[in-house]
Amino acid sequence: MRTLVTGGAGFIGSNFVHLTLATRPEVEVTVLDAMTYAGSETSLAGAEGQIDIVRGDITDAELVDRLVAESDLVVHFAAESHNDNSLADPWPFVHTNVVGTYTLLEAVRRHGVRFHHISTDEVYGDLELDDPARFTEATPYNPSSPYSSTKGASDLLVRAWLRSFGIAATISNCSNNYGPRQHVEKFIPRQITNVIDGARPKLYGDGLNVRDWIHVDDHNRAVWAIIDKGEIGETYLIGADGEVDNKTVVHDLLELMGRDADDYDHVTDRPGHDRRYAIDSTRLRTELGWQPEYPSFREGLAATIEWYRDNEDWWRPMKDATEAKYAAVQSVVP
Ligand code: NAD
Ligand code: DAU
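*Asks:* Would you mind going over the pattern of salt bridges in detail, with residue names and values included?
*Replies:* Enumeration over the complete set of coordinates arrives at 27 salt bridges. A salt bridge links D241 to R134, with the shortest nitrogen-to-oxygen separation between them at 2.9 Å. Pair noted here: D241 is in the loop between strand 11 (235-238) and strand 12 (243-245) and R134 is in the loop between strand 5 (114-120) and helix 5 (146-165), with a separation of 107 residues, a long-range link. Among the residues examined, D241 registers a relative accessible area of 48% and is labelled partly exposed. Of the residues examined, R134 reaches a relative accessible area of 34% and is grouped as partly exposed. Between E185 and K186 there is a salt bridge whose closest N-O contact spans 2.9 Å. A single network of salt bridges, built from pairs that share partners, joins R200, K202, R259, D263 and D265.

In structure tokens, the structure reads:
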């Protein structure tokens, strides 16, 4: 099966490529990636020679048309993915997430190619801390940030192309991923690399916001389950019952790294900061037989800390610029 992986040099996409090469020798992989600040060929180290890597933009209709025409399956990860960046400059999010998805949809429509769209639980907005509810496939869309609204828009384009043009597509909405090769702008790698550098972790606001953590390999195994067995036209939520508040993540991380659990700073909160995400993945588990393989968030976190300790060459080049960007907009709150 010839598979085009958009955003295959980013965090989740590169892990998808490595997982695919390790478990599915019959799959031929082509990565299409613009290699923005968030994408790097170094994330595909070890895969060279086994895959084709095309440096290009998903909004480039001519390029996309040619690559889609040569494929049996498109797995669409490419996106601008960071909420904080979307608050500073929303345009790249509209361009890549909306226009880019549109460009891919038109190509899969022309060539009749199977499409899987990777999306986020953030399209559903947020939940109160004391609300027993979790997101399901029936939860109405209510995104909060420029990032999540452009992901919601891209999901709606896929749904419209399904109904109006009968393309062969599925959608998945996943919760917060962690694991190797995640950019140091994101919460967990930012704090791990701060601690390695002897700096204090930075917690937004009161630190009580809850995220529903899933290891990136469990996410990607779910993506393959949907491609293999999912019903065309349907949406599946992916989550591993991993709800933890940010303060607890920082405590655990400091303990695992041999530091005092209270050795962190509170910093300026993110405007519009979503309070809580929580996924009900019953459909994926009962209909497609998927379940997470990582035994616990704490064990996955320990493995992730080890990865960043062992792979400083990978993250060091991006660390200073990322912290400088944060320092311009965030300050420590006493
Ligand atoms: P990432 O930012 O690490 O990687 C995005 C990749 O897309 C990069 O390699 C980048 O170079 C590429 N890209 C960006 N704009 C492009 C363009 N115009 N053309 C071609 N390539 C382009 O993101 P990630 O965290 O790996 O997220 C991947 C997907 O998963 C996104 O669609 C995101 O919305 C979704 N998602 C992420 C999470 C999470 O926790 N990270 C959770 C659920 C869903
Ligand atoms: O829910 C899925 C989403 O998860 C994905 O769609 C996004 O692409 C992905 O970036 C992630 O979004 P979040 O905004 O939840 O992730 P982030 O890593 O930016 O932040 C996680 C939580 O940690 C959030 O409550 C904000 C907080 N935070 C973040 C940073 C970077 C801090 O407290 N300190 C920080 O330094």
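*Asks:* So what's going on with the nonpolar core? Residues and values would help.
*Replies:* Grouped together as the largest cluster of nonpolar side chains are 31 residues, with contacts concentrated most on V75, I238 and L284. Counting residues per element, the ones that place at least two in this core are helix 1 (11-23), strand 2 (28-33), strand 4 (73-76), helix 7 (216-229), strand 11 and helix 9 (282-288). Sorting elements by how many residues they give to this core places helix 7 first, with six residues. In this structure I238 touches S172, N173, C174, S175, I214, H219, A222, V223, I226, I279, L284 and W290, once residues within four positions along its chain are discounted.

*Asks:* Could you give an account of the pairing of strand 5, with specific residues and numbers?
*Replies:* Two faces make up the sheet, and in a regular strand the side chains alternate between them. Counting buried residues along strand 5, seven of its seven residues qualify, which places the element largely inside the surrounding structure. Burial along strand 5 is two-sided: the face carrying R114, H116, I118 and T120 and the face carrying F115, H117 and S119 are both buried. With six bridges connecting them, strand 5 and strand 6 (residues 169-174) associate as parallel partners. Opposite I118, over in strand 6, you have S172 as the bridge partner.

Rules used throughout
- Residue indices follow the written sequence of each chain, beginning from 1 at its first position.
- Throughout, the order in which chains and ligands are written sets their labels, letters from A for the former and numbers from 1 for the latter.
- Only residues with pLDDT of at least 70 get local features here, since the model is predicted, and only at 80 or more are side-chain atom pairs given and counted; chain-wide, interface and lining totals rely on the full set of residues.
- Side-chain measures were taken over the full set of non-hydrogen atoms in the model, leaving aside hydrogen atoms and water.
- Take a side-chain nitrogen of Lys or Arg and a carboxyl oxygen of Asp or Glu: if they are within 4 Å of each other, that pair is a salt bridge.
- Numbering goes from the N terminus for both helices and strands, where a helix is a DSSP run of H or I of at least four residues and a strand is a run of E of at least two.
- Relative accessibility under 20% of the residue-type maximum defines a buried residue, over 50% an exposed one, and the middle range a partly exposed one, all with a 1.4 Å probe and only protein chains included.
- By convention a nonpolar core is built from buried Ala, Val, Leu, Ile, Met, Phe, Trp, Tyr and Cys residues, the set being connected through side-chain atoms within 4.5 Å.
- We call two residues contacting when some pair of their heavy atoms lies within 4.5 Å.
- By this definition, two strands are paired if DSSP reports at least two bridges between them.

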